[in-house]
Amino acid sequence: MKSGAEPNAAHLPRGAALFDRIDYRLIETPEDKDSLYLMRYRAYLQAGLIEPSASLRVTDRFDETPNTWNFGIYVDGELCSAVRIHLLTSEWRMSYTTEVFGDVLHPRLDRGEVFVDPCRFVADPDKQQRFPELPYLTVRLAFVACDHFNADTGLAMIRTDHQAFYRRVFLHETISPEPRGFPGWPTKKAVLMATDVRRQRDRVLARFPIMRSSAFERRMLFERSPRQAAPRPMLLTTPRTLDVAAPALGSIY
């Protein structure tokens, strides 16, 4: 679906120029899934994260779990980037993040906290240079999910060299005691970052109005029974703008 954010044209933030050209689509059909898995393979191979394989695809057991939403970001009808969103609750704990940092997250899930956990953040290697705004428009879906599910905390399991982007844009803080190995990528280390959504939400919106969404957009993106908990809606505010450089796609996010 088309993005629901409509920033003031006089104060266009990073990413706003692409708003009229992008669609967010839930990846559901076999054809769309195959395109997604192929794009992941090409992105990870170019980044040196995987070895060549005969399948030319990258997928895992979490692509089909009931707490997962795989989204493609399409520019002018072409798949350009993607992100996988996990909703983590006391009932639904399936993700790589809980496997790697379970000692940090499971006690909080036991207390009833709700997390939004984005991962598999990739872009088509041939298109990411043409659209430098893609990182903002892709990770925006995680912020929209936090609103829809009224999450307590937004997570980011990322490479150590990408912490600055999440700290400056989304006001994340590192909560893992040390970098840890990521399944399948033994040469890379990941850290766990998090932000208190209720405390930081207005500050993030003030920096990046493209993160704003409508209730209609959130329902269209995330409501599907019975694969989710009931959302707890939040009020929206009108933000200001700040531009921050983004890291390249195609790595651990």
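Structure: above.
Let us look at the structure shown here. Quick caveat, the model's predicted, so the values are computed rather than measured. (Residues numbered from 1 in each chain as written. Predicted model: local features only at pLDDT ≥ 70, side-chain atom pairs only at ≥ 80, totals over all residues. Heavy atoms only, no water.)

1. Here we look at the pattern of salt bridges
Test applied: Salt bridge, as used here, is a side-chain nitrogen of Lys or Arg placed within 4 Å of a carboxyl oxygen of Asp or Glu. The helix count covers DSSP runs of H or I at least four residues long, the strand count covers runs of E at least two residues long, and both are numbered beginning at the N terminus. The cut-offs for exposure are 20% and 50% of the maximum accessible area for each residue type, with area from a 1.4 Å probe on protein chains only; residues under the lower value are buried, those over the upper are exposed, and the others partly exposed.
Within the structure shown, the criterion is met by 23 salt bridges. Ionic pairing is found between Asp63 and Arg84, a salt bridge with its closest N-O pair at 2.7 Å. Taken as a pair, Asp63 in the loop between α1 (30–46) and β2 (68–75) and Arg84 in strand β3 (residues 78–88) lie far apart in primary sequence, 21 residues in all. A salt bridge links Arg111 to Glu113, with the shortest nitrogen-to-oxygen separation between them at 3.7 Å. For Arg111, a relative accessible area of 62% gives the class exposed.

2. Some details on the packing of helix α4 (residues 134–149) against helix α7 (residues 215–222)
Note the cut-off: In this analysis, axes come from line fits to C-alpha atoms, helices being fitted only over the stretch in contact, and the angle between any two N-to-C directions falls in the range 0 to 180 degrees. For classification purposes, an angle smaller than 35 degrees is called roughly parallel, one larger than 145 roughly antiparallel, one from 65 to 115 roughly perpendicular, and anything else oblique. A contact between two residues is defined here by any heavy atoms of the two lying within 4.5 Å. Under the scheme applied, nonpolar residues are Ala, Val, Leu, Ile, Met, Phe, Trp, Tyr, Cys and Pro; charged residues are Asp, Glu, Lys and Arg; polar residues are all the others, including Gly.
Direction vectors running N to C along α4 and α7 enclose 100°, while the axes themselves pass 10 Å from each other. With respect to each other, α4 and α7 are oriented roughly perpendicular. In this structure, α4 contributes Arg140, Leu141, Val144, Ala145, Asp147, His148 and Phe149 to the contact, and α7 contributes Glu217, Arg218, Arg219, Leu221 and Phe222. The residue inventory of the contact of α4 with α7, partitioned by class, reads 6 nonpolar, 1 polar and 5 charged.

3. Regarding the nonpolar core
Considering soluble globular proteins, one finds that nonpolar side chains tend to be buried as a cluster. Let me state the cut-off plainly: Buried residues of nine kinds, namely Ala, Val, Leu, Ile, Met, Phe, Trp, Tyr and Cys, make up a nonpolar core once their side-chain atoms join them within 4.5 Å.
Formed by 45 residues in total, the largest nonpolar core has its most connected members in Phe71, Ile85, Tyr166, Phe170, Met211 and Phe222. Broken down by element, this core gets its largest block of residues, 11 residues, from α4. Those residues in contact with Phe71 that sit more than four places away from it in its chain are Arg25, Leu26, Ile27, Ser81, Ala82, Val83, Ile85, Leu141, Leu221 and Phe222. Membership of the second largest hydrophobic core comes to 29 residues, among which are Leu36, Leu49, Leu192 and Ala194.

4. Observations concerning the pairing of strand β4 (residues 115–123)
The test is simple: Whether two strands pair comes down to DSSP finding at least two bridges between them. With its strands directed away from the observer, a crossover is right-handed exactly when the path from the first strand over the helix to the second travels clockwise.
Most of β4 is tucked away, with 9 of its 9 residues classed as buried. Two elements, β3 and β4, share 7 bridges in a ladder whose sense is antiparallel. Bridge assignment links Ser81 to a residue of β4, and that residue is Ala123. With respect to chirality, the unit in which β4 leads through α4 into the neighbouring parallel strand β5 (residues 153–159) is right-handed.

5. Focus on the packing of aromatic side chains
Quick note on the threshold: By convention, a stacked pair of Phe, Tyr or Trp rings (six-membered ring in the case of Trp) has centres within 6.5 Å and planes under 30 degrees apart, an edge-to-face pair has planes over 60 apart, and any other such pair is tilted.
Taken as a whole and judged by the stated rule, the model has 11 aromatic pairs. Ring geometry for Phe62 against Tyr96: centres 4.8 Å apart, planes inclined by 75°, an arrangement best described as edge-to-face. Separated by 34 residues along the polypeptide, Phe62 in the loop between α1 and β2 and Tyr96 in helix α2 (residues 96–100) bring together distant segments of the chain. The two residues Phe62 and Tyr96 agree in class, both being buried. With centroids separated by 5.3 Å and ring planes inclined at 75°, the aromatic side chains of Phe71 and Phe222 adopt a geometry described as edge-to-face. Pair noted here: Phe71 is in strand β2 and Phe222 is in helix α7, with a separation of 151 residues, a long-range link. The class of Phe71 is buried, set by a relative accessible area of 1%.

6. So, the packing of α4 against helix α6 (residues 197–207)
For any two helices packed against each other, the geometry comes down to the angle between their axes and how far apart the axes lie. Under the convention used in this document: Each crossing gets its hand from how the near helix is turned against the far one by less than a right angle, where anticlockwise is left-handed and clockwise is right-handed.
At a minimum axis distance of 12 Å, the contact between α4 and α6 shows a crossing angle of 130°. Between α4 and α6, the crossing angle belongs to the class labelled oblique. Crossing angle aside, the handedness with which α4 passes α6 is left-handed. Taking contact as the criterion, the partners of Phe143, Cys146 and Asp147 in α4 are, on α6, Val197, Arg201, Val204 and Leu205. Of the residues belonging to the contact of α4 with α6, the class tally is 5 nonpolar, no polar and 2 charged.

7. A look at empty space enclosed by the protein
Filter applied, for reference: Cavities and pockets were defined on a 1 Å grid built over protein atoms only: a cavity is a set of grid points that admits a 1.4 Å probe from which the probe cannot escape, a pocket is an open set flanked by protein on both sides within 12 Å along at least five of seven lines, and lining residues are those with an atom within 4 Å of any such point. Grid points are joined across faces, edges and corners, and a volume is the space filled by probe spheres set on the points.
Following the criterion strictly, the structure yields 2 cavities of 30 Å³ or more and no others. Taken as a whole, the largest cavity holds about 200 Å³ of empty space. In terms of lining residues, the largest cavity is bounded by 20 residues, among which Ala142, Phe143, Gly154, Phe170 and His172 are the most central. Taken together, the elements giving at least two residues each to the lining of the largest cavity come down to β4, α4, β5 and α6. Classifying every residue of the lining of the largest cavity gives 15 nonpolar, 4 polar and 1 charged.

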